[in-house]
Each structure stands twice: as C-alpha cells, then as structure tokens.
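Summary of the model geometry
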Amino acid sequence: MSEILVLVEHVDGEVKKVTLELLTLAKSLGSPSAVWAGPGLSDAATAKLAEYGADKVYNASAQEIVDYVVAPKAELLAQLVSSAAPAAVLVAATAEGKEIAGRLAVKTDSGVITDAVGLGDGFVADQSIFGGGVNVKSKVAKGTPIVAVRPNSTAPVAAAGTGSVEEVAVALSEAARAAKVVDRVKQEKGARPELTEAAIVVSGGRGVGSAENFSVIEGLADALGAAVGASRAATDAGWYPHQFQVGQTGKTVSPQLYVAAGISGAIQHRAGMQTAKTIVAINKDPEAPIFELADYGVVGDLHQVVPQLTEEVNKRK
C-alpha cells in the first residue's frame, strides 16, 4: 500500500485528536506514517499512533525543530517527501498546519489543498466553501498531494498499525532559523474540555445580550460537562473571547451534542458546527435558520429556557 505521511499534532507529549482523525483518513487510502516533530515521543504516544493505524513513526526528536517558527517542520516533511516518496502528505488545517502545507508545496513543487473536509480515492478532496453554501471536489494536479484537513471532519476509528519507530535527523537551513521562538507562555486550562475536542458544546450568540449574560451559557455547559462556544456576533461584540468562536472564521466542532442558544444560524456559523451528531436550538424567533439544521428546537427566550434546562440537568446528577 502507498505510504501517506501524517504530521502529528502534539502538546506536552500528548497526541491531539485531530491527528487520530488524519490517521483514520490515511488508513482508508494507504499505509499511514506518522511524523513526530520535536522531542517528546513516548511509548504511550507511539502506542496511541499505532492504535489508530500508524504503520511507521518517523521520530525527528531534535529540539531545534521546535525552537524556530514553522519552517523546520516544513523542511522535515520536504526531506521525508524526497526520501520516502509518499503518495500524499496530510496535515491539520490549523493556522500553523496550513502555513506548513504552503511552505511544503513550494519546497516540493507540489499542489496543495486546504480546509478539506473529506478525502477519497485518488486523493480527491471534498471542500465546503462560501460559508458552507457550496461543496466542491478538488485534486492536486502536480507533484505530491499536500492536503490540510479541517479538524473534526472525520471521526477517528481505531485500526491497529505496526507502529515501528524510525529515527530521523534533519539538517535545517539558515532560512529555517530566521525566526526563533524566544518564549512560550502556557495558557491556564480551565475545568472545561477543549472546544475542538469536546463531546458536548454549548454556544451562545447575539441573543445572549451581553458579556455578563454569558454566565447562563457557562452554567449549562458546566452542568453538562461541556465546552463553551460563541457565534461571531457574540465575539465581535466583545461578549466572549475570540478563541471560542465557532464558525467558518473560527473553530470547527463536531461534538455528539451541540446546543445553540440565541444563535440565528447564519451560514458562517453553520459551517463550523453542522457535522455535530445532535443539534439542539433555542431561539425566540420561530423563523430562525438554525431550526432548519436542528434535530430538536425550542422556541423561547433563552434566559428563561436555559436556566430551567440547567436546573433539570443538575437534578439528575
């Protein structure tokens, strides 16, 4: 089977969920090879990668790979493309992942596709464009297909791979050392799960009314053990931080349950959450577009409905 490179997303030695999604996608098309960039590969991480299909793990453990900004990872992948001649390279369509994909495309004289939401035979990518209003199929016409896949677009499925580790040394160019990371500040993680990996997400929109009123959304989220999200209207108004925005210009989520409170359902927001397994909408406007997408809808004032819902959830704990 054709080898497919998958760039591993990891933090403090822990493999991120999006990597498992990419391995699942790669397994359906060939033989996945995970690429670990930087120090920190442990037996547990290797086992996790193998559990989701990695037949090989390229371990580039040099500290300097993460001491500089983005470019070293692109050079590492370019070196592997040259030596291993893979059928394709998959990366996560994060801000960093898309920059790596672009740099890699230039280095290997290849075509690149970003924000793919699916990948089929012949590495034909599905893309959702114009805020989710149009679906298109794209294919790289030159070189090694480099595809940045949107997080939460594929459900990770365990499929055991051999997981053999191969050590890789990479010689960085002077250009790759042009921008150095001088400091890292770790953001304090709260009790709530990470938005893009949460099984349940409760989001608030314009109907919440103010930053103070977001406590109603947070209360329900905490009762459900969920992450908190927000619409673009809410984040643009300054009611909630932008890193919690769900939508085409924010984060893409695909939880088991998505609760949209006070969100009209503009196409920009729908593009970021429409793959959720079950969608519950709460809106006082019965004509709100979100109801077209919802599995369950409540027509009512969220400030009355959500506290009652939170109370009922807490009673059943």
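Anyway, here's the lowdown on the structure attached to this text.

Calculation criteria
Residues numbered from 1 in each chain as written. Predicted model: local features only at pLDDT ≥ 70, side-chain atom pairs only at ≥ 80, totals over all residues. Heavy atoms only, no water. Pairing = 2+ DSSP bridges. Helix = DSSP H or I, 4+ residues; strand = E, 2+ residues; numbered from the N terminus. Axes fitted to C-alpha atoms, helices over the stretch in contact; angles between N-to-C directions. Buried < 20%, exposed > 50% of the residue type's maximum accessible area, 1.4 Å probe, protein only. Salt bridge = Lys/Arg side-chain N within 4 Å of Asp/Glu carboxyl O. Polar contact = N/O pair within 3.5 Å; in protein donor to acceptor, adjacent residues only side chain to side chain. Contact = heavy atoms within 4.5 Å. Parallel < 35°, antiparallel > 145°, perpendicular 65-115°, else oblique. Left-handed = near helix turned anticlockwise from the far one by under 90°. Nonpolar A, V, L, I, M, F, W, Y, C, P; charged D, E, K, R; others polar. Core = buried A, V, L, I, M, F, W, Y, C linked by side-chain atoms within 4.5 Å.

Taken in spatial order, the 5 strands line up as 13-12-14-15-16 in an open sheet, and their pairing is parallel. Edge positions in the sheet fall to strand 13 (227–230) and strand 16 (296–299), since each has one partner strand and no second. Between one strand axis and the next, the sheet turns through 15 degrees on average, direction left out of account. Where strand 15 (residues 278–283) meets strand 16, 4 bridges bridge the pair, whose relative direction is parallel.

A separate point is the environment of Gly-102. Within the fold, Gly-102 resides in helix 5 (residues 95–108). For Gly-102, a relative accessible area of 30% puts it in the partly exposed group. Sequence separation between Gly-102 and Ala-74 is 28 residues; the distance between their C-alpha atoms is 8.7 Å.

In this section: the pattern of salt bridges. Counting across every chain of the model gives 21 salt bridges. Residue Arg-150 pairs with Asp-115 through a salt bridge whose shortest N-O separation is 3.9 Å. With a gap of 35 residues between them, Arg-150 in the loop between strand 10 (146–149) and strand 11 (164–167) and Asp-115 in strand 7 (residues 112–120) connect regions that are remote in the sequence. According to the relative accessible area criterion, Arg-150 is buried, its value standing at 10%. The structure contains a network of salt bridges with shared partners spanning Lys-16, Glu-194 and Glu-197.

Position of Gln-245 relative to the elements: it lies in the loop between helix 7 (232–236) and strand 14 (257–261). Among the residues examined, Gln-245 registers a relative accessible area of 5% and is labelled buried. In this structure the side chain of Gln-245 is engaged in a polar contact, spanning 2.8 Å, whose partner is the side chain of Thr-249. Apart from residues lying up to four places away in sequence, Gln-245 is in contact with Ala-230, Ser-231, Arg-232, Thr-235, Gly-250, Lys-251 and Gln-268.

Looking now at the packing of helix 4 (residues 71–84) against helix 5. One can describe the packing of helix 4 onto helix 5 by two numbers: an axis separation of 9 Å at closest approach and a directional angle of 45 degrees. Viewed along their axes, helix 4 and helix 5 adopt a mutual orientation that is oblique. Of the two elements, helix 4 crosses helix 5, and the hand of that crossing is right-handed. Only Glu-96, Ile-100, Arg-103, Leu-104, Lys-107 and Thr-108 of helix 5 make contact with helix 4, whose side of the interface consists of Ala-71, Lys-73, Ala-74, Glu-75, Leu-77, Ala-78 and Val-81. Its residues assigned to classes, the contact of helix 4 with helix 5 shows 7 nonpolar, 1 polar and 5 charged.

Let us look at the nonpolar core. Most often, soluble globular proteins have nonpolar side chains that are buried together. The biggest cluster of nonpolar side chains holds 29 residues, and the ones touching the most others in it are Ile-4, Val-15, Leu-49, Leu-90, Leu-119 and Val-147. Contact partners of Leu-90, with chain neighbours within four places excluded, come to Ile-4, Leu-5, Val-6, Leu-7, Leu-22, Leu-25, Ala-26, Leu-119 and Val-147. By size, the runner-up hydrophobic cluster in this structure holds 28 residues, among which are Ala-60, Leu-80, Ala-101 and Val-168.

This brings us to the packing of helix 6 (residues 214–224) against helix 10 (residues 302–315). Think of two packed helices as two axes; the pair is described by the angle between the axes and how far apart they sit. The interhelical angle for the contact between helix 6 and helix 10, taken along N-to-C directions, is 20 degrees, at an axis separation of 9 Å. Between helix 6 and helix 10, the crossing angle belongs to the class labelled roughly parallel. Considering the relative orientation of helix 6 and helix 10, their crossing is left-handed. Between helix 6, through Val-216, Gly-219, Leu-220, Ala-223 and Leu-224, and helix 10, the contact on the second element is made entirely by Leu-302, His-303, Val-306, Pro-307, Leu-309, Thr-310, Val-313 and Asn-314. The residue inventory of the contact of helix 6 with helix 10, partitioned by class, reads 9 nonpolar, 4 polar and no charged.

Another aspect to go through is the sheet that holds strand 9 (residues 134–138). Here we have 9 strands laid out as an open sheet, ordered 9-8-7-10-6-1-4-5-11, and mixed in their pairing. Here the strands that pair on one side only, and so sit at the sheet edges, are strand 9 and strand 11. Strand-to-strand twist of the sheet, defined as the mean angle between neighbouring strand axes without regard to direction, takes the value 35 degrees. Here strand 1 (residues 3–7) runs beside strand 6 (residues 88–92); their pairing, made up of 3 bridges, is parallel. Across the sheet, Leu-5 pairs through a bridge with Val-89, a residue of strand 6. Packing against the sheet, helix 1 (residues 17–27) makes contact with strand 1, strand 4 (31–37), strand 6, strand 7 and strand 10, and its axis sits at approximately 170 degrees to strand 1.

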